[in-house]
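What follows is the residue order along each chain.
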Amino acid sequence: MALTLVSSQHSEPAGCSASGCGGNESALAHLPPQIRDKVKDHPCYSEEAHHFYARMHVAVAPACNIQCHYCNRKYDCSNESRPGVVSELLTPEQAVKKVLAVAATIPQMSVLGIAGPGDPLANPERTFATFRELSDKAPDIKLCISTNGLSLPEHVDELCRHNIDHVTITINCLDAAIGAEIYPWIFWKNRRIKGRKAAEILIAQQQLGLEMLAARGVLVKVNSVLIPGVNDHHLEEVSRVVKAKGAFLHNVMPLIAEAEHGTFYGVMGQRGPTPEELQRLQDSCAGEMNMMRHCRQCRADAVGMLGEDRGDEFTLEKIDAMEIDYPAAMQRRAEYQAGIEQQRQQLHRRGETVISLDALRPQRHRSRPLLVAVASSGGGIINQHFGHAREFLVYEATALDVRFIGHRKVDLYCSGSDHCNEEESTLQQTIRALNGCEVLLCSRIGFAPWEALEAAGITPNGEHAMESIETAIAAVYQEMAAAGKLAITAPIALQRGA
Ligand code: CLF
Ligand code: SF4
């Protein structure tokens, strides 16, 4: 059954300008319309879109053609995913059925990605069978893929045939000596190749694949795993080079290496970066490149908004039991997405008119930055109870702008529906995770956590419930600056970062 409701927006290939995009809508405004159309509803390629649109992955690709030192094959591909959970493997037919069921149930799901559990292009038949059927049955869904790049050049034409507009390549280095420390072997032309030679081939294939995609107007995101002491000093150069070759966005992800994952790095005690190290590197690359800072390192079978996983609602058994009126569901989907666009327009208008930091610009050299944590369940507004948050969005406000810089994951503090409980240790962990933030914006908060946060130097604020995040932060910044609390000479209560 064809599910065409929203007209397919496959643009002509159009070269990718990589400057100043990938963040909020105004940052996208200068892009050619056909590029903006590709980006604006993609929750990974547009920071703003991730407040409104969801993605899903289908785990159809079990095999891999390389070995990374941060990967254990028992888990999902850590080039895109957080290790620790194994995705349920699907056949292409099962995957298509699942995508259609999710599209009918979660109207904001705009993107289908294949990201594992191995490498999608090491499993080309399964990957392309899934894409082929979906581009026929649900052409309004954007198709996306994440690969290690080894087999990319030979598949570029087929990716373009299926109108796959978004390709992620994990590029951890350009230097084969560094590559040899990350990749013990690759499987290439029916042979296992080790060491520096393996890294040389992989790097050359990644770069060639990137150039071929950019030449065809496909948007390329580059993922890099930040491995302290291995490639941390090298990733700025990676950023510069991939941008010059036409990459659209760079996503530097922290290495996750735990001994219990059984990876080489985990067992060897290789540490991951601290949040400060990650942010420092992202900031140093940002002068050259658009940086993605809202990645949640999703599972290879993730479903829902970034940071949420509704996969349990869509097991094969549950899908079989669903009775879906597809034409009606697709009608709802189109209406829902039209509603999202209206909401975004309203937010833009309000953001432009309600508050401006212009009044503070003259004192930009006198006011210091402020980190603000926000509880939001989506929509770009402050709409979540402190106790219901599983993560907080972190923004940096200055006298010049408000920018998203990352997220901090926390355990659920509140188990009831209305009242925060007294789970002290969870609260203390949350406070630790919010280290460096001086203000916390949420829709509601109980008395006990309020007191504890204040004692830790974080001021809770529920006065901006249901307001646009950026607008509210700008208002808070303005108020604090006017009260002299952000004077550059004033002591900063806590060091920034967790
Ligand atoms: Fe999936 Fe990746 Fe496409 Fe997004 S995820 S294949 S580009 S649709 Fe997004 Fe998830 Fe980060 Fe990936 S938050 S892990 S960057
Ligand atoms: Fe693992 Fe992905 Fe690396 Fe393959 S590419 S070894 S699946 S992390």
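Bear in mind that the values here come from a model prediction, so they are computed numbers and not experimental data. (Residues numbered from 1 in each chain as written. Chains lettered and ligands numbered in written order. Predicted model: local features only at pLDDT ≥ 70, side-chain atom pairs only at ≥ 80, totals over all residues. Heavy atoms only, no water.)

## Some points on the pairing of strand S13 (residues 402-409)
Working step 1: Where strand S12 (residues 391-397) meets S13, seven bridges bridge the pair, whose relative direction is antiparallel. Looking across to S13, one finds that Leu 393 is bridged to His 407.
Working step 2: Taking the residues that link successive antiparallel strands as the turn, the S12-S13 hairpin has four residues. (Pairing = 2+ DSSP bridges. Helix = DSSP H or I, 4+ residues; strand = E, 2+ residues; numbered from the N terminus.)

## Considering the pairing of strand S5 (residues 166-170)
Strand residues, when the strand is regular, have side chains that alternate between the two faces of the sheet.
Working step 1: For S5, a buried count of five out of five residues is recorded, marking the element as mostly surrounded by other parts of the structure.
Working step 2: With burial as the criterion, each face of S5 is covered, one bearing His 166, Thr 168 and Thr 170 and the other bearing Val 167 and Ile 169.
Working step 3: Crossover strand S4 (residues 142-147) to S5 through helix H5 (residues 152-161) is right-handed.
Working step 4: Here S5 pairs with strand S8 (residues 219-226) via five bridges, running parallel. Residue pairing across strands places Thr 170 opposite Asn 223, the latter belonging to S8. (Buried < 20%, exposed > 50% of the residue type's maximum accessible area, 1.4 Å probe, protein only. Right-handed = clockwise from strand over helix to strand, strands pointing away.)

## As for the side chain of Arg 333
Working step 1: Relative to the helices and strands, Arg 333 is located in helix H12 (residues 326-353).
Working step 2: Residue Arg 333 is classed as buried on the basis of its relative accessible area of 1%.
Working step 3: There is a polar contact of 3.4 Å between the side chain of Arg 333 and the backbone oxygen of Pro 107.
Working step 4: Discounting chain neighbours no more than four positions away, the residues touching Arg 333 are Ala 103, Ile 106, Pro 107, Met 109, Ser 110, Asp 140 and Ile 141. (Polar contact = N/O pair within 3.5 Å; in protein donor to acceptor, adjacent residues only side chain to side chain. Contact = heavy atoms within 4.5 Å.)

## Description of the nonpolar core
Working step 1: One finds Val 58, Met 109, Leu 112, Val 167 and Leu 213 to be the most contacted residues of the largest nonpolar core, which totals 56 residues.
Working step 2: Element by element, the count of residues in this core is highest for helix H3 (residues 92-105), at eight residues.
Working step 3: With sequence-adjacent residues up to four places away left out, Val 58 is seen in contact with Leu 90, Ala 95, Val 99, Leu 112, Gly 113, Ile 114, Gly 116, Thr 130 and Ala 300.
Working step 4: Membership of the second largest hydrophobic core comes to 37 residues, among which are Ile 66, Leu 150, Ala 176 and Tyr 265. (Core = buried A, V, L, I, M, F, W, Y, C linked by side-chain atoms within 4.5 Å.)

## Points about the environment of Ala 199
Working step 1: Here Ala 199 lies in helix H7 (residues 195-215).
Working step 2: Taking relative accessible area as the criterion, Ala 199 reaches 1% and is therefore assigned buried.
Working step 3: Separated by 133 residues in the primary sequence, Ala 199 and Ile 66 place their C-alpha atoms 10.0 Å from one another.
Working step 4: When near neighbours in sequence (up to four residues on either side) are disregarded, Ala 199 contacts Ala 176, Gly 179 and Ala 180.

## Re the side chain of Ser 468
Working step 1: For Ser 468, the location among the structural elements is in the loop between strand S15 (459-461) and helix H15 (469-482).
Working step 2: Among the residues examined, Ser 468 registers a relative accessible area of 8% and is labelled buried.
Working step 3: Looking at Ser 468, its side chain comes within polar contact range of the side chain of Thr 471, at 3.0 Å.
Working step 4: With residues near it in sequence (within four places) discarded, Ser 468 still touches Leu 347, Gly 380 and Ile 381.

## Quick notes on unusual backbone geometry
Working step 1: Residue Pro 117 follows Gly 116 across a cis peptide bond; omega there is 5°.
Working step 2: A positive phi angle, close to 55°, is found at Asn 163, a residue other than glycine.
Working step 3: Structurally, the position occupied by Asn 163 is in the loop between H5 and S5.
Working step 4: Phi is positive for Met 466, which is not a glycine, with a value near 70°.
Working step 5: With respect to the element layout, Met 466 can be found in the loop between S15 and H15.

## What about the packing of aromatic side chains?
Working step 1: In the structure shown here, the tally under the stated rule is five aromatic pairs.
Working step 2: Aromatic side chains Phe 264 and Tyr 265 sit 6.0 Å apart centroid to centroid with 55° between the ring planes, which places their arrangement in the tilted category.
Working step 3: On the numbers, 5.4 Å between centres and 70° between planes, the contact of Tyr 395 with Phe 404 is edge-to-face. Just as Tyr 395 is buried, Phe 404 falls in that class too.
Working step 4: One Lys or Arg, Arg 192, reaches over the ring of Trp 185 and ends 4.0 Å from the middle of that ring. (Phe/Tyr/Trp six-rings, centres within 6.5 Å; stacked < 30°, edge-to-face > 60°. Lys NZ or Arg CZ within 6 Å of the ring centre and 35° of its normal.)

This is a description of form; function is not addressed.
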